[in-house]
Amino acid sequence: MFEDISKVVIMSDMDGTLLTSDKKMTTKDRQAIDRFISLGGKFTVSTGRTLEAFEQYRKMLDLRIPVVMYNGGIIYDYSTHKVMYAEYLPDGVREITAEILAEMPESGGEVLKLDRTYVFRNNYYQKLHTTLCGISPEYAELSEIPDGEWLKVLFAMSPEEIPVMEDIISRKNYTTVDFVKSSGIFIEMLPHNISKGSALEEYRKLDGMNDCTFVAIGDFDNDIEMIQSADLGVCPANAEDSVKNVSGLVLHNTCDNGAVAELIEYIIRKFNAV
């Protein structure tokens, strides 16, 4: 698996993995990433964030290869500012969203497209999401949001309401879209069979990536498919039990004290590099 460090790609989740609990990046992790890249390794991120929400972190990372965004909806190359791969929600998703909202009137939510975010219901948890991600959304009724190229719909609610929405989704048995819990207060609607894992498989098809070893690290439910699709799946100590159960390596460190740096040191030791 580890014969050539230049063929190793680390694909890291952001929130709860590369970012600390207060949405910062540790110096320890940044320095480890720089060292890994200087030795020839490849590093990228796989995140549910939008282009706008990721911008503040892109400036901290020396990313030389494309990134996975929108929880697997797109692969984006910052060097060329081009979308390398994209999957959009199908026709009829507006009606599905409205149907869920009719049963969950207190839920906040937003529609995410490549160029902007539309907030259609702005409750406390939606406002929290907007603030944490540092985005400037457009506010609109669900019926007013332009058709086409919806990458995902995010529903924001209290932790107590999450099981209620999960029950509604299960009962409705939607077949054209999938749902994933991306935090304790968010459930996201994605195109059917689209995830960070499906995006990793598409990433392998990019030029120069077909013979690479992929190491994926994440902490939450929306990272499970990516971890399962990787050659080595890894999680920080703060990961959900559901993620630990599918990971080949559970790290000692949490996102707050350098989990990504620990992973990089593990890989470098495999090559006996200094």
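All values derive from a computational prediction rather than experimental measurement.

1. Looking at the pattern of salt bridges
Stage number 1. Across all of its chains, the model carries 17 salt bridges by this definition.
Stage number 2. Arg116 is the partner of Asp115 in a salt bridge, and the nearest nitrogen-oxygen pair spans 3.8 Å.
Stage number 3. Across the salt bridge formed by Asp231 and Arg204, the nearest N and O atoms sit 3.3 Å from each other. You can see Asp231 sitting in the loop between α7 (224-229) and β13 (232-235) and its partner Arg204 sitting in the loop between α6 (196-203) and β12 (213-217), a full 27 residues away along the chain.

2. Quick notes on the pairing of strand β11 (residues 186-191)
Put simply, side chains in a regular strand alternate between the two faces of the sheet.
Stage number 1. β11 sits mainly inside the fold: six of its six residues count as buried.
Stage number 2. Strand direction decides the pairing type here: strand β9 (residues 152-156) and β11, joined by four bridges, are antiparallel. Residue pairing for β11: Ala156 is matched across the bridge by Phe186.
Stage number 3. Hairpin connection, strand β10 (residues 177-183) to β11: the antiparallel pair is bridged by two residues.

3. Section: the sheet that holds strand β4 (residues 74-77)
Stage number 1. Reading across the sheet, the three strands line up as β3-β4-β5 and stay open at both edges, with antiparallel pairing between neighbours. The sheet is open, and its two edges are formed by β3 (67-69) and β5 (82-86), each paired on a single side. Along the sheet, successive strands turn relative to each other by an average axial angle of 30°, direction set aside.
Stage number 2. Alignment of β4 against β5, held across four bridges, turns out to be antiparallel. Residue pairing across strands places Ile75 opposite Tyr85, the latter belonging to β5.
Stage number 3. Most of the contacts of α6 go to β4, to which it runs at about 50°, and overall it touches β3, β4 and β5.

4. Quick word on the packing of helix α1 (residues 27-38) against helix α9 (residues 259-270)
Stage number 1. Where α1 contacts α9, the axes come no closer than 8 Å and their chain directions differ by 30°. Accordingly, the angle class assigned to the pair α1 and α9 is roughly parallel. The two elements α1 and α9 meet at a crossing, and its hand is left-handed. Contacts between α1 and α9 involve Lys28, Asp29, Ala32, Ile33, Arg35 and Phe36 on the former and, on the latter, Ala259, Val260, Ala261, Ile264, Glu265, Ile267 and Ile268.
Stage number 2. For the contact of α1 with α9, the class distribution of residues is nine nonpolar, no polar and four charged.

Each value, and the rule that gives it
- Residues numbered from 1 in each chain as written.
- Predicted model: local features only at pLDDT ≥ 70, side-chain atom pairs only at ≥ 80, totals over all residues.
- Heavy atoms only, no water.
- Salt bridge = Lys/Arg side-chain N within 4 Å of Asp/Glu carboxyl O.
- Helix = DSSP H or I, 4+ residues; strand = E, 2+ residues; numbered from the N terminus.
- Buried < 20%, exposed > 50% of the residue type's maximum accessible area, 1.4 Å probe, protein only.
- Pairing = 2+ DSSP bridges.
- Axes fitted to C-alpha atoms, helices over the stretch in contact; angles between N-to-C directions.
- Contact = heavy atoms within 4.5 Å.
- Parallel < 35°, antiparallel > 145°, perpendicular 65-115°, else oblique.
- Left-handed = near helix turned anticlockwise from the far one by under 90°.
- Nonpolar A, V, L, I, M, F, W, Y, C, P; charged D, E, K, R; others polar.

Just geometry here; none of it tells us what the structure is for.
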